[in-house]
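# Observations on chain architecture
Spelled out from the first residue to the last, the chains are:
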Amino acid sequence: MFGRLNHVGVATPSIVKSREHYTRLFGAACVGEAFDLPEQGVRVCFVDTGNTQLELIEPLNDASPVAGFLARNPAGGQHHLCFEVTDLNAAITDLTATGARVLGTPRIGAHGTRIVFLHPRDMGGVLVELMETPDGGH
Ligand SMILES: CC[C@@H](C(=O)O)C(=O)SCCNC(=O)CCNC(=O)[C@H](O)C(C)(C)COP(=O)(O)OP(=O)(O)OC[C@H]1O[C@@H](n2cnc3c(N)ncnc32)[C@H](O)[C@@H]1OP(=O)(O)O
Ligand SMILES: [Co+2]
């Protein structure tokens, strides 16, 4: 049901410092400009790694979903995995039928397509993001 790995979310207390770090590791051409997504409560910067992307995320405020994670992990760290799906509504229906908890309703993510999150307690301890793409990564 899940398609290609679209990105790995990495929480950071400072997107400026993380951007410098990943620019050293991957080169400036692979590291994009940071931008705000107020609806998601985060500032974002993508790093192209060839076969996938890292999504650097910094909370915009204390209500951000990343704020609790950083309170527990002040230095930041791996936050979520995002997989592509062809039909987000069908994926939600199938996963809900297995007992997995969907966090909220679909929203528009950083790539301009619909996304939704699945609770880490139902996903083997991993926060999973599903992202709708035309071919679902197949
Ligand atoms: C850039 C935009 C977009 C995109 O287009 O890609 C994004 O990626 S936005 C990314 C940020 N947005 C989100 O994360 C939205 C969904 N997240 C949430 O709703 C919450 O963060 C959460 C998953 C419900 C966690 O809420 P929180 O208040 O931080 O923690 P809890 O105390 O409720 O935790 C419950 C339970 O889950 C464990 N946990 C929390 N975060 C993670 C995580 N990132 N990875 C793995 N496990 C996580 C936490 O430790 C608790 O575990 P137990 O103690 O065992 O119950
Ligand atoms: Co993401």
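Residues numbered from 1 in each chain as written. Chains lettered and ligands numbered in written order. Predicted model: local features only at pLDDT ≥ 70, side-chain atom pairs only at ≥ 80, totals over all residues.

### A few points about the nonpolar core
Counting 13 residues, the largest nonpolar core has Val 44, Val 47, Leu 56, Ile 57 and Val 66 as its most contacted members. Where this core is concerned, the elements lending two or more residues are strand 3 (42-48) and strand 4 (53-59). At four residues, strand 3 tops the list of elements feeding residues into this core. Leu 56 has contacts with Val 10, Thr 12, Ile 15, Ser 18, Arg 19, Val 44, Cys 45 and Val 47, leaving out every residue within four places of it along the chain. If you look at the next biggest cluster of nonpolar residues, it comprises eleven residues, including Cys 82, Phe 83, Val 116 and Phe 117. (Core = buried A, V, L, I, M, F, W, Y, C linked by C-beta atoms within 7 Å. Buried ≥ 20, exposed ≤ 12 C-beta atoms within 10 Å, placed from the backbone. Helix = DSSP H or I, 4+ residues; strand = E, 2+ residues; numbered from the N terminus. Contact = placed C-beta atoms within 7 Å.)

### With respect to the site of ligand 1
Close to ligand 1 lie 25 residues, the nearest being Pro 65, Gly 68, Gly 109, Ala 110 and Pro 120. Counting only elements with at least two residues in the shell around ligand 1, the list comes to strand 3, strand 4, helix 2 (67-72), strand 5 (77-85) and strand 7 (114-118). It is strand 5 that contributes the most residues to the shell around ligand 1, three residues altogether. Taken together, the residues that form the shell around ligand 1 break down as 15 nonpolar, seven polar and three charged. (Near = placed C-beta within 6 Å. Nonpolar A, V, L, I, M, F, W, Y, C, P; charged D, E, K, R; others polar.)

### Some points on the UniProt feature "domain: VOC" (unreviewed entry) in the protein chain
Under the local residue numbering, the UniProt record ascribes the feature "domain: VOC" (unreviewed entry) to residues 4-133. Counting secondary structure, residues 4-133 comes out at 22% helix and 38% strand; the distance between its end C-alpha atoms is 10 Å. (UniProt positions renumbered as here; feature names shortened; annotations may be inferred.)

### Regarding the pairing of strand 1 (residues 5-11)
The sheet contact formed by strand 1 and strand 5 spans six bridges and is antiparallel. Looking at the pairing, Ala 11 lines up with Gly 77 of strand 5. (Pairing = 2+ DSSP bridges.)

### A word on the confidence of the model for the protein chain
Confidence in the prediction of the protein chain, expressed as mean pLDDT, is 96, and 99% of residues score 70 or more. If you check the scores for this complex, the pTM reads 0.97 and the ipTM reads 0.97. (pLDDT = per-residue confidence, 0-100.)

### Looking at the sheet that holds strand 4
Read across the open sheet, the eight strands follow the order 2-3-4-1-5-8-7-6; overall the sheet is mixed. Bordering the open sheet on either side are strand 2 (35-37) and strand 6 (102-108), each of which pairs with just one other strand. Strand after strand, the sheet turns through a mean of 30° between neighbouring axes, direction not considered. Sheet topology note: the strand 7/strand 8 (residues 128-132) ladder contains four bridges and is antiparallel. Each residue of the ladder has a partner; that of Ile 115, found in strand 8, is Met 131. (Axes fitted to C-alpha atoms, helices over the stretch in contact; angles between N-to-C directions.)

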